[in-house]
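# Structural features, examined
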Amino acid sequence: MAGTGTAGAPAALAAPRGTDAGGDAVVFEDVCLAFDEKVILDHVTFTLPRGTMKIILGASGAGKSTILRIILGLLKPDSGRVEVFGQRVDGMSEAQLMAVRAHVGMVFQEGALFDSLSVRENVGYRLFEETRRPIAEVDARVAEVLGYVGLDDFGDRMPSELSGGQRRRVAIARAMTSRPELLLYDEPTTGLDPITALTVDDEAVKLRDLEGVTSIMVTHQLRDAFYIATNRAVRDGQRVRFDPLPDDEPGSTLFLMLKNGRVAFEGSAPELRRTRDPYLRAFLS
Amino acid sequence: MIGRVVERIKAGLLEVQEYMRMLGQVVRGVVSRPLYARDIVEQFDAIGLGSLTVVLLTGTFTGMVLALQSGLTLDQFGARSMVGRLVSASMVKELGPVLTALMVTGRVGSGIAAELGSMMVTDQIAALRALGTDPIRKLVVPRVIAGTLMVPVLTVIADGVGMIGADIISRTQLKVAGSVYWNNVVAGLYMQDVWMGLIKPFILGFVLVTIGCHVGMRTKGGTQGVGRATTNAVVAGSVAVLVVDFLVTKVLIALMY
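On a predicted model such as this, the values are computed, not experimentally measured, just so you know. (Residues numbered from 1 in each chain as written. Chains lettered and ligands numbered in written order. Predicted model: local features only at pLDDT ≥ 70, side-chain atom pairs only at ≥ 80, totals over all residues.)

### Things to note about the overall build of chain A
Across its full length, chain A holds 10 helices and 12 strands. Relative to the compact-globule value of 19 Å for 285 residues, chain A shows a C-alpha radius of gyration of 18 Å, a close match. Referenced to the eigenvectors of the C-alpha coordinate spread, the extents of chain A come out at roughly 55 × 40 × 35 Å. The buried share among the 285 residues of chain A stands at 42%. Here the analysis covers contacts within chain A between residues at least 6 apart in sequence; of these, 64% occur between residues at least 24 apart. (Helix = DSSP H or I, 4+ residues; strand = E, 2+ residues; numbered from the N terminus. Rg over C-alpha atoms; globule rule 2.2 N^0.38 Å. Buried ≥ 20, exposed ≤ 12 C-beta atoms within 10 Å, placed from the backbone. Contact = placed C-beta atoms within 7 Å.)

Okay, here's the thing in structure tokens:
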């Protein structure tokens, strides 16, 4: 649905991907959130330019997933300013947020696939339920994205019949079906073995480099985070190749480290590797 | 100690506030688009057809035991032949609506709370919102519409099979002729009784389904939370059915009799 816009969608959201190079996809400005006495986010500030990726690292409970939920409007911050594609979302009503969400996809922890729907219905959910597109057109798009994540023959299976890695890939396929301009990954590789996690990492790299999707990934899997930040996908005829970036090249992916609800570090993979901050060194070791 | 009581009162008031807010969203969801027609039909099947067996069994055995007990009491006055009056009035006005609502609470209310609760704790509700779907319209409105309309249908069926069950006992155990029994069934019912028996199930159906949905949508705390939600839905739903039945009966008596 990228570029087509949604009825009533703000004009800024309707800009086709890649053409509006100037804008930031996400702006977080002095955002605070606390549940009762527990401070989750403490004056968090960062920006995410279009076409780039940010990997948010941090210990469990550091507020990583909360950031994604605030971007999507599933949670409201106590204070601060949150913009998505130039639209301030922190004060939007649920109905207004629907227009923003049409341009954002989210891959939830464990996939959050709908148990009662088949893989095909899960992947095409947004197009089947929330648009009036012809079934044949939706089926074609579902087949396309399932092929993209390497699950062409899995359309008729139920989520309970899939392995952990397949579920995450279906979740990625579901999030990308409507061609979102911004993809949010909430710990997509947690609990997966390294080989399966790599297939999920490859999908994220492909979407970033080949589709130009702006993205934020929350994880505490350092191996996956560095793989995504230091590799790029290149189309090689019908195949896709993954090439490592030179050691000193920052790439289009930046890291953001949270510590006790605050931003403790923001920079590229080489900068993170060179850091002398004791907390970061302990986290990376 | 006082602090804990205050906290409990606050938590109770918060639940009532959230319940009322959900009711407002349900009303808006019923009168405006989008309406998920396929989900509504699915819920008619799940709540209506799915509850048919338990309602048939409950209605039949309630009618049978009512005939047995009434027969004993009426014998004291030499009025065994009047058993049809007692059965019809009791079934249509009170036992049919309340027992059907209680059985549907046990089967459907708990199922709704468990289903929505597990969707909450596995982030499926958040995924729905992320995909641009309002969970109230997609999940709650179809269940409320189906529950509100199907509980009255199930109640009429329970009333019917209850009276048939009582007829069997009247003939075989009490030795009351079928024609006498059915004449008394008709004679024992007034139009107000029929209205009361038809109005109450709409309200009870609405109450039990909305409570199941509310409890399900407020589930927290993983699989343990789902278990708690299921229990809470049955307990709160059953108590609410009995309380609301009393209040509605009082209002209807004041208005119609």
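### Quick word on the nonpolar core
Of all hydrophobic cores here, the largest spans 136 residues; its most connected members are Ile55(A), Ile71(A), Met106(A), Ala173(A), Leu184(A), Phe255(A) and Val87(B). If you tally residues by element for this core, the top one is helix H4 (residues 83-121) of chain B, at 18 residues. Sequence-distant contacts of Val87(B), defined by excluding residues within four places in its chain, comprise Gly63(B), Leu66(B), Ala67(B), Ser70(B), Met163(B), Ala166(B) and Val185(B). (Core = buried A, V, L, I, M, F, W, Y, C linked by C-beta atoms within 7 Å.)

### Focus on the sheet that holds strand S4 (residues 79-84) of chain A
All names here are of chain A. Taken in spatial order, the 4 strands of this open sheet run S2-S1-S4-S5, and their pairing is antiparallel. With partners counted over all chains shown, the strands left at the sheet margins are strand S2 (38-49) and strand S5 (87-88), one partner each. Across 8 bridges, strand S1 (residues 24-35) lies against S2 in antiparallel orientation. Following the sheet pairing, Val27 is matched in S2 by Thr47. (Pairing = 2+ DSSP bridges.)

### Examining the packing of helix H2 (residues 37-48) of chain B against helix H6 (residues 135-172) of chain B
All names here are of chain B. Direction vectors running N to C along H2 and H6 enclose 45 degrees, while the axes themselves pass 8 Å from each other. For the element pair H2 / H6, the angle class is oblique. The hand of the H2/H6 crossing is right-handed. On H6, the residues that touch Asp39, Ile40, Gln43, Phe44, Ile47 and Gly48 of H2 are Lys138, Pro142, Arg143, Ile145, Ala146, Gly147, Met150, Val153 and Leu154. (Axes fitted to C-alpha atoms, helices over the stretch in contact; angles between N-to-C directions. Parallel < 35°, antiparallel > 145°, perpendicular 65-115°, else oblique. Left-handed = near helix turned anticlockwise from the far one by under 90°.)

### With respect to the packing of H4(B) against helix H9 (residues 222-256) of chain B
Residues and elements named next belong to chain B. Contact geometry of H4 with H9 gives a least axis separation of 8 Å together with a crossing angle of 150 degrees. The orientation of H4 with respect to H9, classified from their angle, is roughly antiparallel. As for how H4 packs across H9, the hand of that crossing is right-handed.

### Some details on the interface of chain B and chain A
Contacts between the two partners involve 11 residues from chain B and, on the opposite side, 16 residues from chain A. Among the residues making up the side of chain B that touches chain A, the classes are represented as 4 nonpolar, 4 polar and 3 charged. (Nonpolar A, V, L, I, M, F, W, Y, C, P; charged D, E, K, R; others polar.)

### Describing the pairing of strand S3 (residues 53-58) of chain A
Residue and element names in this part refer to chain A. In terms of burial, S3 is largely enclosed, as 6 of its 6 residues are buried. Residues of S3 alternate between two faces, with Met53, Ile55 and Leu57 on one and Lys54, Ile56 and Gly58 on the opposite face, all of them buried. Two strands pair when backbone bridges link them, and S3 and strand S8 (residues 214-218) are joined in this way by 4 bridges, in the parallel orientation. Bridging from a neighbouring strand, Lys54 pairs with Ile216 of S8. Of the pairings in the sheet, the one linking S3 to strand S11 (residues 253-259) comprises 6 bridges and is parallel in character. Counterpart to Gly58 in the pairing with S11 is Leu258.

### Considerations on the confidence of the model for chain A
Per-chain confidence: chain A averages 86 in pLDDT, with 92% of residues scoring 70 or above. Below pLDDT 50 for its whole length, residues 1-21 of chain A participates in 37 contacts with residues either more than four positions away or in separate chains. (pLDDT = per-residue confidence, 0-100.)

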